[in-house]
Amino acid sequence: MLATVAKLIARRLLAAIPILLIVSALLFCVLRLLPVDPAAMSLPPTATIVQIEAKRQEMGLDKPLAQQYLIWLHDALHGDFGRSIVFGREAGSLVASTLPATIELAAAAMIIAAGLGLGGGLLLFSLRDTWFESVADLGSILLLSIPEFLWGLILLFVFGVVLNALPFTGEVSPNLPQPHITGFILIDALLIGRLDVFWSACQHLILPAFALGLAFSPAIMRVLRSSLFDVYHEDYIQQARLRGLSERQILLRHALKNAALPTLTLAGVQFGILFSGTLLVELIYSYPGMGNLMIDAVRNADLPLIQAIGLTYCIVVLSINTIVDSLYLVLNPKLRVR
Amino acid sequence: MDYAARSMRGLRKPDIDTVLTLQARELTITARLGGTFVPVINALSFDLAPGKILGLVGESGAGKTMIGRGLAQLLPRGFSITGGSLRFDGEDLVAMAPARRRALLGRSIAFIPQAPMTALNPVRTIGAQFDEHLARLGQRSPKERREHALAMLAAARLPRGDDLLAQYPHQLSGGMCQRVLIASAFASHPRLVIADEPTTALDVTMHAPILQLIADMQRKHGTAVIFITHDLRLAAQLCDEVIVMYAGRALESGPARTVLSKPAHPYTRCLQLANPSLSAGRRVLHVMPEQMPSLRQLQDMTGCRFTPRCPLATSECRRIEPPNAEIGPGHFAACLHVSGAAGIDPAKTTSGPPPSAGRRVLEVQSLSKIYRMSRGLLGGRATVTAVEDASFAICENEFVALVGESGSGKSTVAKLLVGLEQPTRGRIVFNGEDMTDPALRERARQAGSLQMVFQDPQSALNPRRRVARIVTQAMEAGSRHATWEERRERAAALLAEVGLAGDFDGRLPGQLSGGQRQRINIARALCHLPKLLIADEIVSGLDVSIQAQILNLLARLRDELGVAMLFISHDLSVVRHLCSRVLVMYRGEIVEQGPIDDVFANPQHPHTQALLSSVPPDEPAETWPLLQANRSLNQGRDTVQPWLKKS
Amino acid sequence: MIGSVGNSLRSPRVLIALGMVGAVAFCAIFCGVLAPHDPADQNLLSILTPPAWASGSDPQYLLGTDSLGRDVLSRLLYGARTAMIVALIASLGAMVIGSILAHIAGYFGGIVDWLIGRLVDVWMSFPPVILSLILMVGLGIGLDRVILAIVLVDWTRFCRVLRSEVLVVTRNDYVAAARLLGFTHWQTIVREVLPATLPLLITLLSLEMAIAVVVEAILSFVGLGVGPDQAAWGQMIADARQNVYQSPWNLLLPIFAIFFTVAAFNLLGDGLRRTLDARLAETGH
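Residues numbered from 1 in each chain as written. Chains lettered and ligands numbered in written order. Predicted model: local features only at pLDDT ≥ 70, side-chain atom pairs only at ≥ 80, totals over all residues.

Peer 1: What exactly am I supposed to notice about the overall build of chain A here?
Peer 2: In terms of helices and strands, chain A carries 14 helices and zero strands. What you see in chain A, going N to C, is helices and strands ordered as α-α-α-α-α-α-α-α-α-α-α-α-α-α. In terms of its C-alpha atoms, chain A occupies a principal-axis envelope of roughly 85 × 55 × 40 Å. A total of 338 residues make up chain A; the buried ones form 39% of that total. (Helix = DSSP H or I, 4+ residues; strand = E, 2+ residues; numbered from the N terminus. Buried ≥ 20, exposed ≤ 12 C-beta atoms within 10 Å, placed from the backbone.)

Laid out in structure tokens, this is it:
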């Protein structure tokens, strides 16, 4: 059982590699086709044409596109993603220093989204055939119509500006020490033994995490509900009733696991989108993650940095998809045994 | 006067001490239709004694399944029990508190479902589902539960129970799933088991073993069984008593062999005459016109519900609802003309389909189809041989049958012949032209000389097209542009051909009944007067009375249009009635072929023999060797688990 | 199909949603007439005036002014035009590309299906926000660029969902029957498959319009949208964020405008899904 699952995961990972290569090549080509000259941008504005030309040769920009890509790929595989033009630092290390904060935010948001989605889905389902059904359904559609960046602004306005209840800029209060050990602020705060830092970090995380979580939960809710509806039309539910099981036992032991399968597929896609949704929330809450770095890079057309960050987003999304696919295989015996 | 109640009491020996397992009195189930209520079960009464098998027989829509559902009070939305009582072991199930009723379900009352493959939860192992059931029955120790489960599986003749418990439903065949469900149903020593068409979804050769198992288990545990079926011959073999249902009414009831050998109600008689026989002389099938009334039609119907289709109907039948009268010992019928039933349709015999001596329309040589299955990036490749080295020919005006179990490759042959799949090897010569050449095939297709009638009319008819546009669909194919007038004319002719005169051309498939849809399905294939029709299980989804209508239609098409047909079916009686030659397919190969009477009289291949013996005999008095052989085997092995006695 | 359209128009949900979409569309079409000011006119003498119901308001500016003294009402109306143009053209574009590929992949299957499937996989591994930002860097800002970026990002939504629907429809025997009756592949797709997938197509179109409105707002919010010369709700939010303490209404009004429009399209999509899709109508949910 464990061995078959491990084999399946390995197979999924292998299948993700060619996709990643194509993605990186596409990214490389799109960015090279831009009317921006990376060589000129990496030199001070006073540089002469000769200097720029020399830089172009140094950066390999005179070679054919395919060769340039291979050079870039070779460097990237050795951990060298080029130097950021704006920050003057290694793009790879910039990404590495901001990625943990983004992962932390996304993970918190995913937990909130999954929790709200599960609870809301069961609530919506339990309201079936009642007068509240259409009201709850309408409510879920309205919830679905508030994207994460609107939630960010609304929560910021209500809890930050009007109620002044929670902080809404940065990762911890500026008057507290900001540890940098693993990069994950919650873990680092515990590592240095500062509960006040941990508490402050939690408070700073609440609004952005809820903004994301609230935005992505309605989709999960609605899919869970409709999957449950579908499962309840199946023969084995009727047969379980005829065996005398209670409605509660039927829901928990028979329906939920079957309904989880389509829900999981959607949740996987949603979590991928949620991860990139951190970008807007980070921007709104000045959260020091990869999203804000991306915004800086994009506004300054910092190609090496855009490339490194874009690739990182893709890798994370592909990883999430792989994990969800594997989970799907674990839950679905039909696909597991072949 | 409570005829039915009185009648049923007469069914059993007047044994006062026997407590009845189930006693229905004037049971009425109604459906809400708009603002009005329509009875789907009308004042039904019967008695069921312990250890007896009661058959509920009838076509779909008769209300058989509603009775089983009503017992558990798990009726579809809009349906409810509105009258009468259902006493189980002396307690009324209708008036009972839901919690008490639920406690009985799965414990004292168990159900064997119609579709075993979907009745088990696909994401849980057999063991987990069995264990859950036993735990609910009150067995505490997991070890005991496991042992009990293994014992039950062994009793259901499932080998390697240990492995089975760890498997998931999709890893088992339909027959194995049904054995598991039977084992689980009898695990609690139930007093009553309801088996709702338990073999309908299974292969023909599985029918007898599954019925045998139910009969054995029933005997061993002394259980009373309600056996719901559409098959009169099956009911005659298995049941002690039967009730023939029609549109929610019990029309005839009594000891199974008496009722089915000397039917007193015209409906029972007509149903038997509509069913082709496997052994007796061929006769023209009796055709009941129209179909069973729908709920909506029942709303404003008076008198006997069978009147519109009854050959003996008089104006009186329309006015009064006939009482349930005793016509023999324990034999009851609700009809004003019981004496006339035996005289219906003095069984005209025919010589059977004519052997064809015409030119060969189709010649198939060494046809093979091998599917290659990719098993993912690292899985390598596997091959499945669906059809292997099939050779046969069909002559003009000849009906040839292709029989076999599901998965034997019958449907693949059909797809290869019409070009929906490409053969791996072999030649298909149609009308003198080699059809393996795609260009020639395309031309034959344009000419419409080779057509297929699909199995499921629900899926074969585009729900968005109106009937006239469906039957003349071939006229808008390719670059042809028939005018609407031409098409209307052709549609009217085709509809008349398949017996659908009237205003059908403007309807949508969703507004038609199953039999009407199948007629449309056939009419569409006839549009360009094909030389050969491939018909894939086209009557298997239909009720007996509708099936007879379609079979007679096909025979008429052969005589009038001179069309040849490859008739794919699993039903040997139907095949014998319609076809002159037969091909028997088993695991992708044609194992036997020849004139149908010769093959059926003297089958050579073991599979042909197995198929033939799987059909219950026509005469209720005859014994069916497959079902009777082991009946005595398990007697006296009755062991009652002590823990079960308590509950 | 015609029957189901009539069916849809009897559903209160669809009617309310159509009313809401109609209201936004009315603002978008007639914003030139409705707007009291030119949305770009700056009045530096009266900046951040509150809306009419708050104290210190200027009757000239019904919903107040922003930090550059521009009329908020006019900008909201012109923003509706931007949003509706993007929603309409971008979602139609994405629908055309996505559904053509979906029908080809689902109908023919085999290697074609595999190739299109992998293309969608690669596309989908770019998170949509990131891909649209990168595209906007490459394409530059402007209304047409925003539309192009949304089409390039979102065609996969149509392709993925429709492909599986086409697969389901194609499995029906009536599609095989059409081929046997002599229909060409093209005839079969157009006359037998497309009518069956059309309800889903229309539903997805409506939902995609909601997504396009959001994406346009996001891009304008980040500053990579339609450009400074055109009014857009996302831009208004970005501007108002600087002065959230002085004039919260400047933030809340465009937020509400986006919510209203997105909710209208989502409601419409849901209502259409329930009434056009025969299968859903049968099972009752």
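So, next bit.
Peer 1: Mind showing me how you'd approach the overall build of chain B here?
Peer 2: Across its full length, chain B holds 25 helices and 22 strands. The globule rule puts the C-alpha radius of gyration for 647 residues at 26 Å, and the 26 Å found for chain B is close to it. Overall, chain B is about 75 × 70 × 50 Å in size when its C-alpha atoms are taken along their principal axes. Within chain B, the fraction of its 647 residues that count as buried is 49%. (Rg over C-alpha atoms; globule rule 2.2 N^0.38 Å.)

Peer 1: Teacher, can you tell me more about the domain arrangement of chain A here?
Peer 2: Reports often express the size of an interface as the amount of accessible area lost when the parts come together. All names here are of chain A. Each domain of chain A was delimited in the assignment, giving domain 1 (2–77) and domain 2 (91–337). Across the contact, 16 residues belong to domain 1 and 15 residues belong to domain 2. For the side of domain 1 that touches domain 2, the leading source of residues is helix H1 (residues 2–32), giving 14 residues. Looking at side-chain class alone, the side of domain 1 that touches domain 2 contains 13 nonpolar, two polar and one charged residues. (Domains from an automatic or database assignment. Contact = placed C-beta atoms within 7 Å. Nonpolar A, V, L, I, M, F, W, Y, C, P; charged D, E, K, R; others polar.)

Peer 1: Sorry if this is basic, but what is going on with the sheet that holds strand S5 (residues 91–92) of chain B here?
Peer 2: Sheet strands associate in pairs through backbone hydrogen bonding, adopting either a parallel or an antiparallel arrangement. All names here are of chain B. The antiparallel open sheet is built from four strands, whose spatial order is S2-S1-S4-S5. A single partner strand is all that each edge strand has here, and the edge strands are strand S2 (36–48) and S5. As defined by bridge partners, strand S1 (residues 22–33) adjoins S2 across nine bridges and the pair is classed as antiparallel. Across the sheet, residue Thr 30 finds its bridge partner in S2, namely Pro 39. Strands in contact with helix H2 (residues 64–72) are S1, S2 and strand S4 (79–88); relative to S2, the strand with the most contacts, it is inclined by about 85°. (Pairing = 2+ DSSP bridges. Axes fitted to C-alpha atoms, helices over the stretch in contact; angles between N-to-C directions.)

Peer 1: What's the story with the interface of chain A and chain C in this structure? I'm lost.
Peer 2: With 36 residues of chain A at the contact, the number on the chain C side is 32 residues. Taken together, the elements giving at least two residues each to the side of chain A that touches chain C come down to H1, helix H6 (132–144), helix H7 (148–162), helix H11 (247–285), helix H12 (290–299) and helix H13 (303–331) of chain A. At seven residues, H11(A) tops the list of elements feeding residues into the side of chain A that touches chain C.

Peer 1: So what exactly am I meant to see when it comes to the nonpolar core here?
Peer 2: Within soluble globular proteins, side chains that are nonpolar tend to cluster in buried spots. Core analysis: the largest hydrophobic core is formed by 369 residues, its most contacted members being Phe567(B), Ile150(C) and Val213(C). A total of 20 residues in this core trace back to one element, the largest contributor, which is helix H9 (residues 185–222) of chain C. Aside from chain neighbours lying at most four places away, what touches Phe567(B) is Phe399(B), Val400(B), Ala401(B), Ala535(B), Val575(B), Leu578(B) and Cys579(B). (Core = buried A, V, L, I, M, F, W, Y, C linked by C-beta atoms within 7 Å.)

Peer 1: Honestly, helix H20 (residues 544–561) of chain B in this entry has me stumped. Any pointers?
Peer 2: For an α-helix, the turn length of 3.6 residues means that residues three or four places apart are oriented alike. Residue and element names in this part refer to chain B. Between its terminal C-alpha atoms H20 stretches 25 Å, which fits the 26 Å expected from 18 residues at 1.5 Å a residue. Buried residues of H20: Val 544, Ser 545, Ile 546, Gln 547, Ala 548, Gln 549, Ile 550, Leu 551, Leu 554 and Arg 558, and no others. Those residues of H20 that are buried lie in contact with helix H11 (266–274), strand S15 (399–403), helix H19 (514–526) and helix H21 (572–578). Once H20 finishes, Gly 562 follows within two positions and takes phi at roughly 70°, a positive value. (Expected span 1.5 Å × (residues − 1).)

Peer 1: Please explain the environment of Arg359(B) as it appears in this structure.
Peer 2: Residues and elements named next belong to chain B. Of note, Arg 359 is situated in the loop between strand S12 (331–333) and strand S13 (360–374). Each C-alpha atom of the pair Arg 359 and Asp 196 lies 48 Å from the other, and the pair is 163 residues apart in sequence. Setting aside chain neighbours within four positions, we find Arg 359 in contact with Cys 395 and Glu 396.

Peer 1: What exactly am I supposed to notice about the packing of helix H4 (residues 72–108) of chain C against helix H7 (residues 143–170) of chain C here?
Peer 2: In helix packing, the relevant descriptors are the interaxial angle and the interaxial distance, both defined with respect to the helix axes. All names here are of chain C. It is the contact of H4 with H7, at a shortest axis distance of 5 Å, that shows an interaxial angle of 35°. Seen along the crossing, H4 lies across H7 with a hand that is right-handed. Broken down by class, the residue content of the contact of H4 with H7 amounts to 22 nonpolar, eight polar and three charged. (Left-handed = near helix turned anticlockwise from the far one by under 90°.)

Peer 1: What am I meant to see in the packing of H6(A) against helix H9 (residues 195–232) of chain A here?
Peer 2: Residue and element names in this part refer to chain A. Two numbers describe how H6 lies on H9: the axes approach to 8 Å, and their chain directions differ by 145°. The handedness of the crossing between H6 and H9 comes out as left-handed. Residues Ser 140, Leu 143 and Leu 144 of H6 pack against Pro 218, Ala 219, Met 221 and Arg 222 of H9. Here the residues of the contact of H6 with H9 sort into five nonpolar, one polar and one charged.

Peer 1: Help me understand the sheet that holds strand S21 (residues 581–586) of chain B in this model?
Peer 2: Residue and element names in this part refer to chain B. Ordered in space as S18-S19-S20-S15-S21-S22, the six strands form an open sheet in which the pairing is mixed. On the outer flanks of this sheet lie strand S18 (450–453) and strand S22 (589–595), each paired with one strand and no other. Recorded for the sheet is a direction-independent mean angle of 15° between the axes of neighbouring strands. Summarising the sheet, S15 and S21 pair through four bridges and their orientation is parallel. Bridging across to S21, Val 403 finds its partner in Val 584.

Peer 1: I tried to follow the confidence of the model for chain B on my own but got confused; where do I start?
Peer 2: Residues shown with low pLDDT carry predicted positions that ought not to be read at fine detail. All names here are of chain B. Across chain B, pLDDT averages 85, with 90% of residues at or above 70. Predicted confidence is poor over residues 1–17, with pLDDT under 50, and the contacts of this stretch with residues over four places away or in other chains come to 24 contacts. Throughout residues 629–647 the model reports pLDDT below 50, and contacts reaching past four residues in sequence, or to other chains, amount to 16 contacts. Per the prediction output, this complex has pTM 0.85; the corresponding ipTM is 0.86. (pLDDT = per-residue confidence, 0-100.)

Peer 1: Help me understand the interface of chain B and chain A, please; the structure alone is not making it clear to me.
Peer 2: Across the boundary between the two partners, chain B contributes 26 residues, which contact 22 residues of chain A. Within the residue set of the side of chain B that touches chain A, elements represented by two or more residues are helix H3 (98–104) and helix H4 (126–136) of chain B. Of all the elements, H4(B) adds the most residues to the side of chain B that touches chain A, at three residues. The class makeup of the residues in the side of chain B that touches chain A is 14 nonpolar, seven polar and five charged.

Peer 1: Could you clarify how one ought to interpret the pairing of strand S16 (residues 425–430) of chain B in this entry?
Peer 2: Look at any regular strand and the pattern is simple: side chains alternate between the two faces of the sheet. Residues and elements named next belong to chain B. Relative to strand S17 (residues 433–434), S16 runs antiparallel, the two sharing two bridges. Looking at S17, one finds that Phe 430 is bridged to Glu 433. What sits between the antiparallel neighbours S16 and S17 is a turn of two residues, in which Asn 431 has the positive phi angle 60°.

Peer 1: It is not clear to me how unusual backbone geometry should be interpreted in this structure. Could you clarify?
Peer 2: The phi torsion of most residues other than glycine is negative, and most of the peptide bonds are trans. In this structure, Asp129(A) takes a positive phi of about 65° despite not being glycine. Here Asp129(A) shows up in the loop between helix H5 (91–126) and H6. Taking the C-beta count within 10 Å as the criterion, Asp129(A) has 10 such neighbours and is therefore assigned exposed. Positioned with a positive phi, Ala43(B) is a non-glycine residue whose angle comes to about 45°.

Peer 1: How do you make sense of the environment of Leu253(C) when you look at a structure like this?
Peer 2: All names here are of chain C. Within the element layout of this structure, Leu 253 appears in helix H11 (residues 248–276). Remark: the alpha-carbon pair of Leu 253 and Trp 233, spanning 20 residues in sequence, is separated by 9.1 Å. If near-sequence neighbours (up to four positions away) are discounted, Leu 253 is found in contact with Leu 63, Val 72 and Leu 76.

Peer 1: When you look at the pairing of strand S9 (residues 241–246) of chain B in this model, what are you seeing that I'm missing?
Peer 2: Residues and elements named next belong to chain B. Among the six residues in S9, six count as buried, and that is most of the element. Burial of S9 is two-sided: the residues Glu 241, Ile 243 and Met 245 facing one way and the residues Val 242, Val 244 and Tyr 246 facing the other way are all buried. Sheet topology note: the strand S3 (residues 53–57)/S9 ladder contains four bridges and is parallel. Its bridge partner lying in S9, Leu 54 is registered against Glu 241. Relative to strand S10 (residues 249–255), S9 runs antiparallel, the two being bridged by six bridges.

Peer 1: Just checking my understanding: could you explain helix H8 (residues 173–180) of chain C for this structure?
Peer 2: Of all eight residues in H8(C), seven are buried; the element is thus mostly enclosed. Taken residue by residue, H8(C) has Asp173(C), Tyr174(C), Val175(C), Ala176(C), Ala177(C), Ala178(C) and Leu180(C) as its buried positions.

Peer 1: I would appreciate a short explanation of the environment of Cys317(B) in the present structure.
Peer 2: Residues and elements named next belong to chain B. Locating Cys 317 in the fold gives a position in helix H13 (residues 315–319). For the pair Cys 317 and Val 242, spaced 75 residues apart in the sequence, the C-alpha separation amounts to 24 Å. Setting aside its immediate chain neighbours within four residues, Cys 317 contacts Gly 303, Cys 304, Thr 307, Cys 310 and Leu 336.

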